[in-house]
Amino acid sequence: MPTQNFDPRIDAYIAKSKPFAQPILIHIRELIHKAIPDVEEAIKWSHPFFLHKGVILGNLAAFKEHCSFGFWGQEMSVVLNAAGIVQEGGMGSLGRITTIKDLPPNKQMLDLIRRAAGSIDRGEYLSPIAARNKVVKAPKAALETPAEFTRALKANKQANAIFTNFSPSCKREYIEWIADAKRPETRDKRITQAVEWIAEGKQRNWKYQNC
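Residues numbered from 1 in each chain as written. Predicted model: local features only at pLDDT ≥ 70, side-chain atom pairs only at ≥ 80, totals over all residues. Heavy atoms only, no water.

A. Summary view of unusual backbone geometry. One non-glycine residue with positive phi stands out, namely Ser46, at about 70 degrees. When you line up the elements, Ser46 lands in the loop between β1 (40–44) and β2 (47–52). Judged by relative accessible area, Ser46 falls into the exposed class, the value being 56%. Non-glycine residue Lys53 carries a positive phi angle of around 55 degrees. (Helix = DSSP H or I, 4+ residues; strand = E, 2+ residues; numbered from the N terminus. Buried < 20%, exposed > 50% of the residue type's maximum accessible area, 1.4 Å probe, protein only.)

This is the structure we're talking about:
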């Protein structure tokens, strides 16, 4: 088997592992190279990692009594759950691995590895770090356009037509600006200014940006 993509540091990692772990690590490593001939190897956080096009595809780890293999793409959890092969216990995607027999059949393993690479190729990959840091923002509640603003817009056909074609975010900027006015006279002044700007095709923050 070609060795140009084999990192000698992973050879050393396997050699230092427990005797029961060595055939498991070798077997999974060979399957990965068979599925993705141009896969890259590396040592990260003291464990063997496999990269496809510079993106982490998965990693191996050997412990005192078991091994683990984990796919890094979060999208693979759906695939693994659908296949019914996600096991509890141990690190990684396949649970505690104490023998090669604990692994899915070779054909299925090859398919899973190729699907993981495919998700990277299609841009569907989501790393666990990105998923962990992702903040899901609650959608903003819909704003009601102040009645006075609506009447002022209807009185100016050009402004009304332009405002109607504004994006929701640009409409919101005007509505929030007007609604935030503390005093009636301030609100009236803002409405007058808003209609004037809108008739000229300007967004709320036209001085600083283009919406």
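Structure shown, so let's carry the discussion forward.
B. Structural view of helix α3 (residues 76–83). Among the residues making up α3, those that are buried are Met76, Val79 and Leu80. Buried residues of α3, seen end-on, are gathered within an arc of 95 degrees and therefore sit on one face of the element. Every exposed residue of α3 that faces more than 90 degrees away from the buried side is listed here: Val78, Asn81 and Ala82. In this structure, the buried residues of α3 make contact with β4 (67–71) and α4 (106–121). One or two positions beyond α3, positive phi appears at Gly84, with a value near 70 degrees. (Arc of directions from axis to C-beta. Contact = heavy atoms within 4.5 Å.)

C. Looking closely at the packing of helix α2 (residues 21–35) against α4. Interhelical geometry of α2 versus α4 gives an angle of 55 degrees and a closest axis separation of 9 Å. Viewed along their axes, α2 and α4 adopt a mutual orientation that is oblique. Helix-helix and strand crossings are classified by hand; for α2 and α4 the assignment is right-handed. Contacts between α2 and α4 involve His27, Leu31, Ile32, Lys34 and Ala35 from the former and Asn106, Met109, Leu110, Ile113 and Arg114 from the latter. When grouped by side-chain class, the residues that make up the contact of α2 with α4 number six nonpolar, two polar and two charged. (Axes fitted to C-alpha atoms, helices over the stretch in contact; angles between N-to-C directions. Parallel < 35°, antiparallel > 145°, perpendicular 65-115°, else oblique. Left-handed = near helix turned anticlockwise from the far one by under 90°. Nonpolar A, V, L, I, M, F, W, Y, C, P; charged D, E, K, R; others polar.)

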